[in-house]
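# Residue-level structural notes
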Amino acid sequence: MYNEEKLRRKEITETTMNKRRTSESPRNSRSTRASQQVRKSRTQYSSGNPGSFRDSRGSRCSGSLQKPMNKRRQEKLRRQRRKRNLCYGILAAITLLVFSLTVLGISRLLPDRVRDGAEQVSEDSGTQVTTTLSQPEMNASGTKDFFKEITLRGWQSDSQGIRYIAADGTSYGKGWHDIDGSQYYFDENGYVKTGWHVIDGKDCYFDESGKYDSEKVRPMIALTFDDGPGKYTEELLECLEENNAKATFFMLGQNAERYPNTVKHMEKLGMELANHTYDHPILTNLSSTQISNEIEKTSRIIERIAGKAPASMRPPGGAFNHTVRSVSGLPIIMWSIDTKDWKTKSEDMTYRCVMDNARDGSVVLMHDIHQWSAKAAIRMIPELVAKGFKLVTVEELARAKGITLENGKAYYYFGEGTQQVE
């Protein structure tokens, strides 16, 4: 009886165990498959499969992501190499500069006697004995003098201009000096002159470095003003004086009487006083007696005021004929550039007409009785000088060109070729 009960309990226990195994089999199956997959993956990775790799979390990443990462890594390395090479290059350049300055300083500090006597030979013994001489020490003051000696030699330039420091450390004084076969002219402060200058009554040209060019000829131009003097003439005279320029004034006798002090001022400044008749008639409409009276009356007025009679004349409107030629008794001065300022009434147009057409030998016609003409002249005078022109009287221009002015003969232009600007 006891054995039967024991056998039945054993069967019940086995049945219960079988049921448990059956219910747990799916879970075990899944776990088994997962373990197998992990082992397989590890096997593939460890075998060097190029198609995959593990990320920071241990998961697999495809090979397509590895290529950009490698490329960025290589680019970073290249940038680091370039930066390192640049630093090396800068360091090398600084080192070379310091070395060069050191060598230069040492060579300058060594006295001649050290270099010449560095090796002394004993003739008595027949044996060469080398004696090293001690190098003098340089204090702060000596260092300062040393660098001053290096920099202050030869040509120097600063905000005031260009100067030359001689071997003894002094600069040249005012006057002509010959340096390396070229001539220079120095002012009272030791700076060379550049551009055009009148020296000892002669026009001299110096290039940008101050070197004198004896072959360069200064272009000349004659500014002439008709119908004055007027209330704007004094301002014009001041501008001419400031720029060391001259001009010719063809005056009306009646206006010379009205502004006698202006006429005297013209004479004092070296301007040319010329005749433009007494009251501006068209001479070709007058008889020979009337023409003579117009010209002679004006010449007497100017001579009485300034102490000097006119040496040339200009007929009003530029009108002249054989009678005017024969009766005038003076050279007839016309023009090569007519600004027509009386017509345009424009300062800018008058200014531009002259600046665009001025050349060596030009004779310019303007009127000092018009405010716009006076303003245009005041603008152009310093600019013409800056461009290298010498502003002279008609008489000076003719003389410079080797032309003798003849009574009754008309003159338009004193340069080469022809010019007629209307």
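Okay, so let's go over this structure. (Residues numbered from 1 in each chain as written. Predicted model: local features only at pLDDT ≥ 70, side-chain atom pairs only at ≥ 80, totals over all residues. Heavy atoms only, no water.)

## Concerning the pairing of strand 17 (residues 362–367)
This is how the line gets drawn: Summary of the burial criterion: residues with accessible area below 20% of their type's maximum are buried, those above 50% are exposed, and those between are partly exposed, where the area comes from a 1.4 Å probe applied to protein chains only. To qualify as a helix, a DSSP run of H or I must reach at least 4 residues; to qualify as a strand, a run of E must reach at least 2; elements of each kind are numbered from the N terminus. The pairing criterion for strands is at least two bridges between them, as found by DSSP.
Along strand 17, six of the six residues are buried, which leaves the element largely enclosed by surrounding structure. Taking every second residue as pointing to the same face, both faces of strand 17 are buried, with S362, V364 and M366 on one and V363, L365 and H367 on the other. For strand 12 (residues 220–228) and strand 17, the ladder comprises six bridges, and the chain directions are parallel. Its bridge partner lying in strand 17, F225 is registered against M366.

## Comments concerning the pattern of salt bridges
Worth spelling out the cut-off: Whenever a carboxyl oxygen of Asp or Glu lies within 4 Å of a side-chain nitrogen of Lys or Arg, that contact is scored as a salt bridge.
For the structure on display, the rule yields 12 salt bridges. Ionic pairing is found between D203 and K390, a salt bridge with its closest N-O pair at 3.0 Å. Remark: K390 occurs in strand 18 (residues 390–392) and D203 occurs in strand 10 (residues 202–206); sequence separation between them is 187 residues. On the basis of relative accessible area, K390 is assigned to the partly exposed category, the value being 23%. D360 is paired through a salt bridge with K401; the nearest N and O atoms lie 2.5 Å apart. Placement of D360 in the loop between helix 11 (347–357) and strand 17 and of K401 in the loop between helix 13 (394–400) and strand 19 (410–411) is noted, with a sequence separation of 41 residues between them. Taken together, the salt bridges that share partners define one network made up of E75, R78, R79 and R82.

## Here's the deal with unusual backbone geometry
P229 follows G228 through a cis peptide bond whose omega is -5°. Its place among the elements puts P229 in the loop between strand 12 and helix 5 (233–242). Positive phi is not limited to glycine here, since N244 has a value of about 50°. Using a relative accessible area of 57% as the deciding quantity, one classes N244 as exposed.

## Describing the pairing of strand 7 (residues 175–179)
Relative to strand 8 (residues 182–186), strand 7 runs antiparallel, the two sharing five bridges. Counterpart to H177 in the pairing with strand 8 is Y184.

## Re the packing of aromatic side chains
Heads up, the rule is: Two aromatic rings, drawn from Phe, Tyr or Trp (for Trp, its six-membered ring), form a pair once their centres lie within 6.5 Å of each other, and the interplanar angle then sorts them: stacked below 30 degrees, edge-to-face above 60, tilted otherwise. Criterion for a charge above a ring: Lys NZ or Arg CZ within 6 Å of the ring centre, and within 35 degrees of the ring normal.
Summed over the entire model, instances satisfying the criterion amount to 12 aromatic pairs. Between the aromatic rings of F206 and Y212, the centroid separation amounts to 5.6 Å while the plane-to-plane angle is 50°, which identifies the pairing as tilted. Aromatic rings pair up to connect W155, Y164, Y172, Y184 and F186 into one cluster. The ring of Y278 carries K297 above its face, with NZ or CZ at 3.8 Å from the centroid.

## Comments concerning the packing of helix 11 against helix 12 (residues 371–386)
The line we're drawing: All axes here are fitted lines through C-alpha atoms, helices being fitted over the stretch that makes contact, and every angle between N-to-C directions spans 0 to 180 degrees. A clockwise turn of the near helix away from the far one marks a right-handed crossing, whereas an anticlockwise turn of less than a right angle marks a left-handed crossing. Contact between two residues is taken to exist if any of their heavy atoms lie within 4.5 Å; hydrogens are not considered. Gly counts as polar in this scheme, as do all residues outside two lists: the nonpolar Ala, Val, Leu, Ile, Met, Phe, Trp, Tyr, Cys and Pro, and the charged Asp, Glu, Lys and Arg.
Close contact between helix 11 and helix 12 brings their axes to 8 Å; oriented N to C, the two are set at 35°. As helix 11 packs across helix 12, the resulting crossing turns out to be right-handed. Residues E347, D348, T350, Y351, V354 and M355 of helix 11 lie in contact with helix 12, whose contacting residues are W372, K375, A376, R379, M380, E383 and L384. Among the residues forming the contact of helix 11 with helix 12, the class breakdown is seven nonpolar, one polar and five charged.

## Here we look at the sheet that holds strand 9 (residues 195–199)
Here three strands make up an open sheet; going across it, the order is 9-10-11 and the pairing antiparallel. Each edge of the open sheet is held by one strand with a lone partner, namely strand 9 and strand 11 (212–213).

## Description of the packing of helix 5 against helix 12
Operational definition: Orientation labels follow simple angle bins: below 35 degrees gives roughly parallel, above 145 gives roughly antiparallel, 65 to 115 gives roughly perpendicular, and whatever is left gives oblique.
Closest axis-to-axis distance for the helix 5/helix 12 pair is 10 Å, and the angle between their directions is 5°. Classified by the angle between their axes, helix 5 and helix 12 sit roughly parallel to one another. Of the residues in helix 12, those touching helix 5 at E235, L236, C239 and L240 are A377, I378, I381 and P382. For the contact of helix 5 with helix 12, the per-class residue count stands at seven nonpolar, no polar and one charged.

## Focus: helix 8 (residues 288–306)
Cut-off, in case you're wondering: Under the convention used throughout, the expected extent of a helix is 1.5 Å for every residue step, that is, one less than its residue count.
Compared with the 27 Å implied by 1.5 Å per residue over 19 residues, the 27 Å span of helix 8 between its first and last C-alpha is a close match. Three or more residues of helix 8 are buried, namely I291, S292, E294, I295, T298, S299, I301, I302, I305 and A306. With its phi angle positive at about 80°, G307 sits one or two positions after the end of helix 8.

## With respect to helix 12
What counts is decided by this rule: Here the bend at a residue means the angle between the axes of two seven-residue stretches, the one that ends at it and the one that starts at it.
Compared with an ideal rise of 1.5 Å per residue, which puts 16 residues at 22 Å, helix 12 spans 24 Å between its outermost C-alpha atoms and is within 8% of the ideal. Of all the bends in helix 12, the greatest reaches close to 25° and is centred on M380; the proline P382 follows between one and four positions later. Listed as buried for helix 12 are S373, A374, A376, A377, M380, I381 and L384. Looking at the buried positions of helix 12, the neighbouring elements they touch are strand 12, helix 5, helix 10 (341–344), helix 11, strand 17 and strand 18.

## Observations concerning the side chain of S182
Structurally, S182 can be placed in strand 8. Residues contacting S182, with those up to four places away along its chain left out, are H177 and K211.

## Some details on a nonpolar patch on the surface
Filter applied, for reference: Exposure above 30% relative accessible area and no salt bridge define the residues that can form patches, which grow by joining like charges within 9 Å and nonpolar side chains of Val, Leu, Ile, Met, Phe, Trp and Tyr within 5 Å. All accessibility values rest on the Shrake-Rupley procedure with a 1.4 Å probe; residue burial counts only the protein chains present in the view.
Together, L86, I90, I94 and V98 give the surface a local cluster of nonpolar side chains, amounting to about 380 Å² of exposed area. Mapped onto the secondary structure, I94 falls in helix 2 (residues 66–109).

## Digging into the nonpolar core
Inclusion rule: To form a nonpolar core, buried Ala, Val, Leu, Ile, Met, Phe, Trp, Tyr and Cys residues must be joined to one another through side-chain atoms within 4.5 Å.
In this structure, L223, L240, F249, M380, I381 and L384 are the most contacted members of the largest nonpolar core, which totals 38 residues. Residue assignment for this core shows that the elements contributing at least two residues are strand 12, helix 5, strand 13 (248–251), helix 7 (260–269), helix 8, helix 11, strand 17 and helix 12. Here the element with the most residues in this core is helix 12; it accounts for five residues. Apart from the residues within four sequence positions on either side, L384 is in contact with L223, V354, M355, A358, F389 and L391.

## Focus on the environment of S312
How we decide: Within 3.5 Å is the distance limit for a polar contact, defined as a pair of N or O atoms, with the added protein rule that one can donate a hydrogen and the other accept it, and that residues adjacent in sequence qualify only through two side-chain atoms.
Structurally, S312 is set in the loop between helix 8 and helix 9 (322–328). Remark: the alpha-carbon pair of S312 and G408, spanning 96 residues in sequence, is separated by 9.6 Å. The contact partners of S312, leaving out residues within four places of it in the chain, are F250, E272, A274, N275, L330, P331 and I333. Separated by 3.4 Å, the side chains of S312 and E272 make a polar contact.

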